[in-house]
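So you can see what is in the structure, the chains are spelled out below.
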Amino acid sequence: MGAAMRRIHVGNALSAFGLGFTVPYLYVYVAQVRGLGSTTAGLVLAVFAVAALVVLPFAGRTIVRRGPLPVLMVALVTAAVGALSLGLAASAVTVLLSAAALGAGQAVMQPALATMIVDVSSAETRSRAFATQFFLQNLGLGVGGLIGGHLVDATRVSSFTLLFSIEAAMFLVLVAVMASVRMPRTARIQGADAVSAKGGWKRMLGNRAMVQLMVLGFVLFFACYGQFESGLAAYGVEAAGISTSVLGTALAANTAVIVVAQFVVLRFVERRRRSRVIAAVGLIWAVAWIAAGYAGLAQGSQAMATAAFISTYALFGLGEAMLSPTVAPLVADLAPEGLAGQYNSAFALVKQLALAVGPAIGGPMGASLHGPYVVTFLLFSLGISVLALRMGRRLTVVQDHPWLARSQVIRRSGAVEPVPAKV
């Protein structure tokens, strides 16, 4: 891992650490501490999604034209201003405007950092780099949330102002860290500005494999990430009788599985076809939904229901650990030379759409339509496996199984032949 990659990973951890301070407490802060009501709090959460959807189509074009580092710097400063102003805001208008700035900055950070990882990694190190990024993000969110929970006091506005100030400070520290990164001179396609402005989106939508990956990505985020704190949480409380403390334990189990299993899982998945790894995740998540169904619909004991519900979140964490070294590197490998920023931003846009639609559909279903809710998302999980296998037919060997492709190159070069890769 070179110096640039180390700084990028530090940046990922710091940004996640800062977000962990405030994200779990945002609703309580707006609705109760500031006394603006549940409607305004709901609008704040919606503004985060809307801001991301507005800026991401332009972020990819700008990353291609200017490079990821300048775009990241602007995003960090914007997010810092939004976080600090949100901690000081007292009216609905200022809260919503601050949330828009924070949401826009956070959204642009994702494709900018992903593109930086692509630029400073090679095909051989990319899967491990993205796995490390995901590991540090979850670790940062968990540690930030844990510390923030001990600092916050719902009876004191100043404690929330402190949280948002810490978040803003993390973004500014990250500006200083990123300023020291020396990015390599990346190859650029001929006329990159013109392509990104006029035909970048058209060219990307003409890439059938990328379109299939974006559809698959939408289903992945809709059926898993979009349910964590909305539909699945509501289902657990209403159908399975899960307490808020058990819900917190389930979320902790999800993070613990990711942190503990990430690099063990990486050794397993990096030598296998990416499409089949994603298909396996669909099957694992199908088992997770079956466990959720048992927790809320079976007539078992409360202890069994609690164990099944926690297992659901743990199984989701195992799937996430398998996806982190698989999906993001695949997006990078599908991107033509010089357009990684455009492809990363497009995939981030799909993710935000799924995270906006998922709670809107899953929340009401999870709270009231318990049986149909489980069956619906069980079918979505099985659909992930089908979509992944269909996408695999459009991928080249290098895109779907880079380890096997490297092994073939080594054999043809006359070097010592490695142990055949498992397929």
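Preceding this paragraph is the structure being described.
Computed from a prediction, not measured in an experiment: that's the story for all the values here.

Criteria and cut-off values
Residues numbered from 1 in each chain as written. Predicted model: local features only at pLDDT ≥ 70, side-chain atom pairs only at ≥ 80, totals over all residues. Heavy atoms only, no water. Helix = DSSP H or I, 4+ residues; strand = E, 2+ residues; numbered from the N terminus. Buried < 20%, exposed > 50% of the residue type's maximum accessible area, 1.4 Å probe, protein only. Contact = heavy atoms within 4.5 Å. Areas by Shrake-Rupley, 256 points an atom, 1.4 Å probe, with all protein chains shown as cover. Phe/Tyr/Trp six-rings, centres within 6.5 Å; stacked < 30°, edge-to-face > 60°. Patch = residues over 30% accessible without salt bridge, like charges linked within 9 Å, V, L, I, M, F, W, Y side chains within 5 Å. Salt bridge = Lys/Arg side-chain N within 4 Å of Asp/Glu carboxyl O. Axes fitted to C-alpha atoms, helices over the stretch in contact; angles between N-to-C directions. Parallel < 35°, antiparallel > 145°, perpendicular 65-115°, else oblique. Nonpolar A, V, L, I, M, F, W, Y, C, P; charged D, E, K, R; others polar. Lys, Arg positive; Asp, Glu negative; His and termini not counted. Charge placed at Lys NZ, Arg CZ, Asp CG, Glu CD.

Peer 1: Help me get a handle on the overall build of the protein chain, residues and values and all.
Peer 2: Across its full length, the protein chain holds 18 helices and 0 strands. The C-alpha extent of the protein chain, read off along each of the three principal axes, is 70 × 50 × 35 Å. Each of the 423 residues in the protein chain was classed as buried or not, and the buried ones make up 52%. At a minimum sequence separation of 6, the contacts of the protein chain that also span at least 24 residues come to 84%. When the accessible surface of the protein chain is totalled, it reaches about 17,800 Å², and 66% of it is carbon and sulfur.

Peer 1: An account of the packing of aromatic side chains is requested, with residue identities and associated values reported.
Peer 2: On inspection of all chains with the given rule, the structure shows 16 aromatic pairs. A ring pair is formed by Y29 and F164, whose centres lie 5.0 Å apart and whose planes are at 50°; its orientation type is tilted. Placement of the pair is Y29 in helix α2 (residues 26-33) and F164 in helix α7 (residues 157-179), with a sequence separation of 135 residues. Taken individually, Y29 and F164 each receive the classification buried, so the pair is uniform in this respect. Taken together, a centroid distance of 5.3 Å and an interplanar angle of 55° make the contact between F309 and Y313 tilted.

Peer 1: Let's hear about the environment of L315: which residues, and what values?
Peer 2: Tracing the sequence through the fold places L315 in helix α13 (residues 302-323). Separated by 62 residues in sequence, L315 and F377 have C-alpha atoms that sit 14 Å apart. In this structure, L315 is in contact with I284, W285, V287 and A288, ignoring residues within four places of it in sequence.

Peer 1: Could you give an account of the side chain of S275, with specific residues and numbers?
Peer 2: Tracing the chain through its elements places S275 in helix α12 (residues 274-297). Residue S275 is classed as buried on the basis of its relative accessible area, which comes to 4%. Look past the residues within four positions of S275 in its chain and what remains in contact with it is A388, G392 and D400.

Peer 1: Can you lay out a nonpolar patch on the surface for me, pointing to particular residues and giving the numbers?
Peer 2: A cluster of nonpolar residues, L139, V143, L146, I147, L151 and L162, forms a patch on the protein surface that exposes about 460 Å² of accessible area. Ranked by the residues each element gives to the nonpolar patch, the list is headed by helix α6 (residues 126-151), at 5 residues. As for its position among the elements, I147 is in helix α6.

Peer 1: So what about the packing of helix α3 (residues 37-66) against helix α15 (residues 340-368)? Which residues, and what values?
Peer 2: It is at 7 Å that the axes of α3 and α15 come closest, and there the two elements cross at 170°. Judged on the interaxial angle alone, α15 and α3 are roughly antiparallel. Facing A49, A52, L53, L56, P57, A59, G60, R61, I63 and V64 of α3, the residues of α15 in contact are G341, Q342, S345, A348, L349, Q352, L353 and A356. Taken together, the residues of the contact of α3 with α15 sort by class into 12 nonpolar, 5 polar and 1 charged.

Peer 1: An account of a positive patch on the surface is requested, with residue identities and associated values reported.
Peer 2: There is a patch of like positive charges on the surface, built from R208, R390, R393 and R394. With respect to the helices, strands and loops of the structure, R394 is situated in the loop between α16 (370-392) and α17 (397-400). The exposure class of R394 is partly exposed, given its relative accessible area of 41%.

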